[in-house]
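This is what each chain is made of:
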Amino acid sequence: LLAAAAMPSSDWAIPVIVAAVIFVVGAPPTAVNPATVGSRRRWWPDWKSPLTWALGITFGVNNAIYFGINAFLPDYLHSVGEAHLVTAALTALNMAQLVVSFIMLLAAEHLRRRAAIYLVFGPGALLGLLGIVTTSGYWTVAMVALAGFSTAINYIVMLALPAVLSPPQDTHRTAAGMFTIGVTLPVLIPVISGALWDMTGIGWTAFVPCMICAVTMTVVGPMLTRFPAHREP
């Protein structure tokens, strides 16, 4: 870890290349099933599939909350005279993600198909966002941690769902669609947040799109449990 931390950013490509070479050389041969040869030619995401959009929207709004907080929290705290909380708040946001990673090593298998994940942690993220703009002092730090904890749980659960909810021959297409939408929304929504702050001159308005995302996750997320599981990883 210390060696990685000291590594220049331009050198981060080296481990990626090494890992790719090891994967290509060391991966066991895969038997070809003639029944699936035709379906493998389908690589483009199925944009007409409700599953693709349900996964993409849920994944995207969840990520938008996290990136929105990271982007606007420092400037917001400066604007309300609590610049001394920036380090503690950002640490809380990202440490919550780390803590959840360890928890989900044990619990992810039991939670990935539960609507309660979205019905509990969608509102949890919303409560954290509301707390950021309505509290002060270390209560704000606690609210940031709550939002980070909630989004981390949903993020980890979502990563497994393309493999669970789509047929094996379509997993790559479903995952590609989910990530396309799931990466686009976290780019667009913070832009909207910044525009709101610029237009109104009021700092807390930057978090309004993130709050809408939390509501969207609470509504759309449970719909994923209505899709049948094709396999259990």
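Residues numbered from 1 in each chain as written. Predicted model: local features only at pLDDT ≥ 70, side-chain atom pairs only at ≥ 80, totals over all residues. Heavy atoms only, no water.

1. Here's the deal with the environment of Thr 135
- If you trace the backbone, Thr 135 turns up in the loop between helix H6 (116-134) and helix H7 (138-165).
- Thr 135 gets classed as partly exposed once you look at its relative accessible area, which sits at 28%.
- Those residues in contact with Thr 135 that sit more than four places away from it in its chain are Thr 140 and Met 143.
- There is a polar contact of 2.5 Å between the side chain of Thr 135 and the backbone oxygen of Gly 131.
- Only 3.1 Å separates the side chain of Thr 135 from the side chain of Thr 140, close enough to count as a polar contact. (Helix = DSSP H or I, 4+ residues; strand = E, 2+ residues; numbered from the N terminus. Buried < 20%, exposed > 50% of the residue type's maximum accessible area, 1.4 Å probe, protein only. Contact = heavy atoms within 4.5 Å. Polar contact = N/O pair within 3.5 Å; in protein donor to acceptor, adjacent residues only side chain to side chain.)

2. Quick word on the confidence of the model for the protein
- The share of residues in the protein with pLDDT of 70 or more is 80%, and the mean pLDDT across the chain is 84.
- Here helix H1 (residues 2-6) stands out as the element of the protein with the lowest mean pLDDT, 40, in contrast to helix H9 (residues 208-220), whose mean of 96 is the highest.
- Confidence drops under pLDDT 50 across residues 1-7; counting only partners more than four residues distant or on other chains, this segment forms three contacts. (pLDDT = per-residue confidence, 0-100.)

3. Notes on the state of the cysteines
- Applying the stated criterion to the full structure yields zero disulfides.
- With no disulfide of its own, Cys 213 lies closest to Cys 210 among cysteine sulfurs, the gap being 5.9 Å.
- On the basis of relative accessibility, which here comes to 4%, the residue Cys 213 falls in the buried class. (Disulfide = S-S within 2.5 Å.)

4. Remarks on the pattern of salt bridges
- Enumeration over the complete set of coordinates arrives at one salt bridge.
- The residue Asp 170 makes a salt bridge to Arg 173 at a minimum N-O spacing of 3.2 Å. Each member of the pair, Asp 170 as well as Arg 173, is classed as buried. (Salt bridge = Lys/Arg side-chain N within 4 Å of Asp/Glu carboxyl O.)

5. Points about the nonpolar core
- Within the largest apolar cluster, 50 residues are counted, with the highest numbers of intra-cluster contacts made by Leu 129 and Ile 132.
- The set of elements that each furnish at least two residues to this core consists of helix H4 (50-79), helix H5 (86-111), H6, H7, helix H8 (171-200) and H9.
- When residues in this core are grouped by element, the largest group, 13 residues, is from H4.
- If sequence neighbours within four positions are ignored, Leu 129 has contacts with Ile 65, Ile 69, Phe 207, Cys 210, Met 211 and Ala 214. (Core = buried A, V, L, I, M, F, W, Y, C linked by side-chain atoms within 4.5 Å.)

6. Section: H4
- With 30 residues, H4 extends 42 Å between its outermost C-alpha atoms, agreeing within 8% with the 44 Å of an ideal straight helix rising 1.5 Å per residue.
- The principal kink in H4, of about 40°, is found at Phe 72, preceding the proline Pro 74 by one to four residues.
- Burial within H4 is extensive, with 21 of its 30 residues counted as buried. (Expected span 1.5 Å × (residues − 1). Bend = angle between axes of the 7 residues up to and from the residue.)

7. Considering the packing of H4 against H8
- Running from amino to carboxyl end, H4 crosses H8 at an angle of 30°, the nearest separation of the two axes being 6 Å. In this structure, H4 crosses over H8, and the sense of that crossing is right-handed.
- Along the lines of polarity and charge, the residues of the contact of H4 with H8 split into 18 nonpolar, ten polar and one charged. (Axes fitted to C-alpha atoms, helices over the stretch in contact; angles between N-to-C directions. Left-handed = near helix turned anticlockwise from the far one by under 90°. Nonpolar A, V, L, I, M, F, W, Y, C, P; charged D, E, K, R; others polar.)

8. Comments concerning H9
- The end-to-end C-alpha distance of H9, which contains 13 residues, comes to 18 Å, matching closely the 18 Å that a straight helix rising 1.5 Å per residue would cover.
- Every buried residue belonging to H9 is among Pro 209, Cys 210, Met 211, Cys 213, Ala 214, Met 217, Thr 218 and Val 220, and all of these are buried.
- Buried-residue contacts for H9 involve H4, H6, H7 and H8.

9. Some thoughts on the side chain of Thr 58
- Locating Thr 58 in the fold gives a position in helix H4.
- On the basis of relative accessibility, which here comes to 1%, the residue Thr 58 falls in the buried class.
- Here Thr 58 is in contact with Tyr 118, Met 158, Met 217, Val 220, Gly 221 and Leu 224, once residues within four sequence places are set aside.

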